Amino acid sequence: MIEVPGWVILNFFTSFLLILLLIFQNKTSRLQKGRKYSAILICTLVLLFSESIGRIGENNPDSLLILARIGYFIIFILDPVDILFAVNYVDCWMDKESSNARTSFRTAFQAFSIINVVLVTMSSVLQLGWFFYFEDGLYYRGQFFMIRAVLVMVFIILLLVYTVVFRNDFMSEYKNMILFLPIFALIGALCQVFLASIDSTYAGISLGCLILFFFFQSNDVNVDYLTGVLNRRGLDIKMEEKIKTSQQSKKNFAAIMMDIDNFKTINDTYGHDEGDKAIKITADILSDLFGREASIGRFGGDEFCVITDNVSAIELDELILQTREKLANVRDKRKWHPDVDLSCGYAIYNYSTNMSREEFADNIDNLMYTQKQLHHNGQN
């Protein structure tokens, strides 16, 4: 009977869990929160893979020692980065207005991650052996190993402290669930310290991510279930935030309202499944063209809204044109009605006007319907 080491089983199932979460996450959310959540999953997956090849190399030093060197180097580089990704994810669920009070915490995490990368790289390239080294095929801890290990543990604890101290900054519906990530990361790290034979830190982080996915990521009340972009509620919140930020920073922003022309012909000809596909495709096109910094949402039905810091009319017109061209290409391939198109209206929010969210939204909505009427009258 073949005896499989415990670390192989743990790493295999933890990696399998992370891959499943990554697949489901990419299908449920295209928001910034989703991308930061995915960053934790990917980084933890890379760490697990690095640990696995490191152990393989360590167990076969005669022929595969290079794997141990590579694997442990990546682990020592990325350990704090995984914590930093967790901080960024936790922070994106907090009230943006109070972000200044959290700056010192985030700066400390960032500084530690950067310094760690520099020192570990120097130690490995110059063969200084500060944190780990190999001699006669055997792995040894370096002189600064324990100092770094304690600092990593401290920063995992600080992640929990950060979440608790600024707990009131969370949106009320997310205040308790967000604690699962730092709590399980800490439990995993403590188990690894006191049960040296079990590498449980990454398993703890993965379990925290699993709980967040079921109770948090997959149930975000601000995300449209069909497209993974913002829904009407999320758009209203984002617009309010942008207006407040615009008035405080004295910087303008732009918003574009879009409506799929003759969308009903898709449903009538090919059924509602094809109509849903058209809506998903439109959301994908907008996400790809307007980039990560823009806030993209489904306003309702076949209407979309894009909120962006880009206030160049020339660039906005070009992006809208590209959006229509990409949709036209899809329309021709899928043989939709030739009049399926996009009607768009956009405006630049001027902070000096003190215009309310409702007034600004009504303005771009009217501009969009004006163009829609022109399209129906045969004018481009």
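This text follows the structure it describes.
What comes next concerns the included structure. (Residues numbered from 1 in each chain as written. Predicted model: local features only at pLDDT ≥ 70, side-chain atom pairs only at ≥ 80, totals over all residues. Heavy atoms only, no water.)

1. Some remarks on the pairing of strand 6 (residues 341-349)
With 7 of 9 residues buried, strand 6 lies mostly within the body of the structure. The pairing of strand 3 (residues 253-261) with strand 6 spans 9 bridges and is classified as antiparallel. Bridging across to strand 6, A255 finds its partner in A347. (Buried < 20%, exposed > 50% of the residue type's maximum accessible area, 1.4 Å probe, protein only. Helix = DSSP H or I, 4+ residues; strand = E, 2+ residues; numbered from the N terminus. Pairing = 2+ DSSP bridges.)

2. Digging into the environment of C191
Along the polypeptide, C191 turns up in helix 6 (residues 180-194). On a C-alpha basis, the gap between C191 and G204 in space is 9.2 Å, while along the polypeptide they are 13 residues apart.

3. As for the sheet that holds strand 5 (residues 303-308)
Taken in spatial order, the 4 strands line up as 4-5-3-6 in an open sheet, and their pairing is antiparallel. Here the strands that pair on one side only, and so sit at the sheet edges, are strand 4 (295-300) and strand 6. Taking each pair of neighbouring strands and ignoring which way they run, the sheet shows an average axis angle of 20 degrees. When strand 4 meets strand 5, the two strands line up antiparallel, connected through 5 bridges. Directly across from R298, in strand 5, lies its bridge partner F304. Against the sheet, helix 8 (residues 232-249) touches strand 3, strand 4, strand 5 and strand 6, its axis set at about 135 degrees to strand 4. Of the strands in this sheet, strand 3, strand 4 and strand 5 touch helix 10 (residues 272-290), which is tilted by about 10 degrees from strand 5. (Axes fitted to C-alpha atoms, helices over the stretch in contact; angles between N-to-C directions. Contact = heavy atoms within 4.5 Å.)

4. Examining the pattern of salt bridges
As enumerated under the stated definition, the model contains 11 salt bridges in all. The salt bridge partner of D236 is R357, with a shortest N-O separation of 3.2 Å. In this pair, D236 is assigned in helix 8 and R357 in helix 12 (residues 357-376), connecting sequence segments 121 residues apart. The partner of E274 in a salt bridge is R334, and the shortest N-O contact between them spans 2.7 Å. One end of the pair, E274, is in helix 10; the other, R334, is in helix 11 (residues 313-334), and 60 residues separate them in sequence. (Salt bridge = Lys/Arg side-chain N within 4 Å of Asp/Glu carboxyl O.)

5. Considering the environment of K242
Position of K242 among the secondary structure elements: in helix 8. Residue class for K242 comes out buried when judged on its relative accessible area of 19%. A sequence separation of 12 residues divides K242 from A254, and the C-alpha atoms of the two residues are 9.7 Å apart. Residues contacting K242, with those up to four places away along its chain left out, are F253, I307 and D309.

6. Quick look at the packing of aromatic side chains
Working definition: an aromatic ring pair is given by the centre-to-centre distance plus the angle between the planes. Evaluation of the coordinates by the stated rule reveals 21 aromatic pairs. The interplanar angle of 70 degrees and the centroid separation of 6.1 Å between the aromatic rings of W130 and F144 together place this pair among those described as edge-to-face. One end of the pair, W130, is in the loop between helix 4 (103-125) and strand 1 (132-135); the other, F144, is in the loop between strand 2 (138-141) and helix 5 (145-165), and 14 residues separate them in sequence. Among the aromatic residues, those joined into a ring-pair cluster are Y72, F76, W130, F131, F132, F134, Y139, F144 and F145. (Phe/Tyr/Trp six-rings, centres within 6.5 Å; stacked < 30°, edge-to-face > 60°.)

7. Some thoughts on helix 3 (residues 61-91)
The end-to-end C-alpha separation of helix 3 is 43 Å, in line with the 45 Å expected for 31 residues at 1.5 Å each. Its maximal kink placed at L78, helix 3 deviates by approximately 35 degrees, while the proline P80 follows within four residues. (Expected span 1.5 Å × (residues − 1). Bend = angle between axes of the 7 residues up to and from the residue.)

8. Description of helix 10
Because an α-helix packs 3.6 residues into every turn, residues spaced three or four apart end up facing the same way. Between its first and last C-alpha atoms helix 10 spans 27 Å; for 19 residues at 1.5 Å apiece the expected length is 27 Å, and the two agree. Among all positions in helix 10, only E274, G275, A278, I279, I281, T282, A283, I285, L286, S287, L289 and F290 are buried. Buried residues along helix 10 sit against strand 3, helix 9 (263-270), strand 4, strand 5 and helix 11. In the stretch just after helix 10, G291 is the one whose phi turns positive, near 85 degrees.

9. Points about the side chain of N11
Note on placement: N11 falls in helix 1 (residues 6-28). For N11, a relative accessible area of 3% corresponds to the buried category. Looking at N11, its side chain comes within polar contact range of the side chain of S52, at 3.1 Å. Beyond its immediate sequence surroundings of up to four residues, N11 is in contact with L48, E51 and S52. (Polar contact = N/O pair within 3.5 Å; in protein donor to acceptor, adjacent residues only side chain to side chain.)

10. Brief notes about unusual backbone geometry
If you check the backbone angles, Q127 has positive phi at about 55 degrees while not being a glycine. Following the sequence through the fold, Q127 ends up in the loop between helix 4 and strand 1. Residue D136 is not a glycine yet carries a positive backbone phi of 55 degrees. Topologically, D136 is positioned in the loop between strand 1 and strand 2. The class of D136 is exposed, set by a relative accessible area of 75%.

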